[in-house]
Amino acid sequence: MARRTEILNYLVDRLSTISTSNGFLTNVSAVHRPYKYLDDINDFPTITLGGTPKEDLVEIGDGQIIRAMRQSIRAYVMSDDDSLIDSENLAHDIETVVESFAKNAANLAVHSAQVMDVGTDEGLFSPYGIADVGVEITYEED
């Protein structure tokens, strides 16, 4: 299995741990690796990875190549109270997972993982809420 696939599968696994019993603000119902549209979602909150990640290659010397993979993550919530607050809370939980991802994925040669951008629908889809989080993961290929 390609390193990129292993990293994305592990990211899905780590995102699946989002629950209040693990110290997060949200209880996630499902995490999907393939992208899902809002009308494909039945259980909320749900996290889905965007399409194919984009990658840049950087040669750092002696033939060693570091890859920088950019992946989008979309989260859907549904709330009768305040979908904007719920989507912001879920975005915060995703950020927390990404911030610790590199430490947890050292066995996959991940050097760093960082959030590049965060956005929500600002309550426009109420009672649904959407959060988009862009992440960049740098790693070494075998």
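Quantities reported herein were computed from a predicted structural model and do not represent experimental measurements.

Trainee: Help me understand helix α2 (residues 83-104), please; the structure alone is not making it clear to me.
Mentor: For an α-helix, 3.6 residues make a turn, and residues three or four places apart therefore share a direction. Between its first and last C-alpha atoms α2 spans 31 Å; for 22 residues at 1.5 Å apiece the expected length is 32 Å, and the two agree. Elements that come into contact with the buried residues of α2 comprise α1 (3-15), β2 (46-49), β4 (64-78), β5 (110-120) and β6 (128-140). Between the side-chain oxygen at the start of α2 and the backbone nitrogen of L84 there is a gap of 3.2 Å, and the oxygen is on D82.

Trainee: Looking at this model, I keep getting lost on the pattern of salt bridges. Mind explaining?
Mentor: A side chain of one charge can pair with a side chain of the opposite charge if their charged atoms are brought near each other. Enumeration according to the criterion identifies five salt bridges in this entry. A salt bridge links E6 to R3, with the shortest nitrogen-to-oxygen separation between them at 3.6 Å. Of this pair, E6 and R3 both sit in helix α1, three residues apart, which is roughly one turn of the helix. Since its relative accessible area comes to 29%, E6 is described here as partly exposed. The class for R3 is buried, based on a relative accessible area of 10%. Between E55 and R67 there is a salt bridge, with the nearest N and O atoms lying 3.3 Å from each other.

Trainee: In this structure, what is going on with the pairing of β4? I would like to understand it.
Mentor: Looking along a regular strand, one sees side chains alternate from face to face of the sheet. Bridging between β2 and β4 involves four bridges; their strand directions are antiparallel. Looking at β4, one finds that L49 is bridged to I73. Two elements, strand β3 (residues 54-61) and β4, share seven bridges in a ladder whose sense is antiparallel. Residue G61 lies in a different strand from β4, and its bridge partner there is Q64. In this antiparallel pair of consecutive strands, β3 and β4, the connection spans two residues, and D62 shows a positive phi of 55 degrees.

Trainee: Hey, could you run me through the environment of K54 in this one?
Mentor: Along the chain, K54 falls in strand β3. On the basis of relative accessible area, K54 is assigned to the exposed category, the value being 54%. Distance in space between the C-alpha atoms of K54 and S72 is 9.5 Å, their sequence separation being 18 residues. K54 has contacts with A68, M69 and R70, leaving out every residue within four places of it along the chain.

Trainee: What is the right way to read the packing of aromatic side chains from this model?
Mentor: Two aromatic rings are characterised by how far apart their centres lie and by the angle between their planes. Overall, the coordinates contain three aromatic pairs when judged by the stated rule. Ring geometry for F44 and Y128: centres 5.5 Å apart, planes at 45 degrees, overall tilted. With F44 in the loop between β1 (30-32) and β2 and Y128 in strand β6, this residue pair connects regions lying 84 residues apart in the sequence.

Trainee: For this particular structure, what's the right way to read the nonpolar core?
Mentor: Soluble globular proteins tend to pack their nonpolar side chains together in the buried interior. Ranked by size, the top nonpolar core spans 31 residues in total, and within it L15, I18, I47, I94 and V110 carry the most contacts. Listed by contribution, the elements that provide at least two residues to this core are α1, β2, β4, α2, β5 and β6. Looking at which element gives the most residues to this core, the answer is α2, with seven residues. Apart from the residues lying within four places of it in its own chain, the contact partners of I18 are F24, T26, N27, V28, I47, L90, D93, I94 and V97.

What counts as what
- Sequence order as written defines the numbering, with residues in each chain counted from 1.
- Per-residue local features of the predicted model are confined to residues with pLDDT of at least 70, and side-chain atom pairs are confined, for both listing and counting, to 80 or more; whole-chain, interface and lining totals are unaffected and use all residues.
- Side-chain measures here rest on the full set of heavy atoms in the structure, leaving out hydrogens and waters.
- Numbering of helices and strands starts at the N terminus; helices are DSSP runs of H or I of at least 4 residues and strands are runs of E of at least 2.
- Expected helix span is computed as 1.5 Å times (number of residues minus one).
- Contacts are residue-level and defined by heavy atoms, with any inter-residue pair within 4.5 Å sufficient.
- Polar contacts here mean pairs of N or O atoms no more than 3.5 Å apart (in protein, one a potential hydrogen donor and the other a potential acceptor; neighbouring residues in sequence count only if both atoms are side-chain atoms).
- A pairing counts as a salt bridge when a side-chain nitrogen of Lys or Arg comes within 4 Å of a carboxyl oxygen of Asp or Glu.
- The buried label applies to any residue whose accessible area, calculated with a 1.4 Å probe on protein chains only, is under 20% of its type's maximum; exposed applies above 50%, and partly exposed to all values in between.
- Any two strands with at least two DSSP-identified bridges between them are counted as paired.
- Only the six-membered ring of Trp is used, alongside the rings of Phe and Tyr, when aromatic pairs are assigned; centres must lie within 6.5 Å, and planes under 30 degrees apart are stacked while those over 60 apart are edge-to-face, with the rest tilted.
- Here the nonpolar core consists of buried residues drawn from Ala, Val, Leu, Ile, Met, Phe, Trp, Tyr and Cys, with membership extended through side-chain atoms lying within 4.5 Å.

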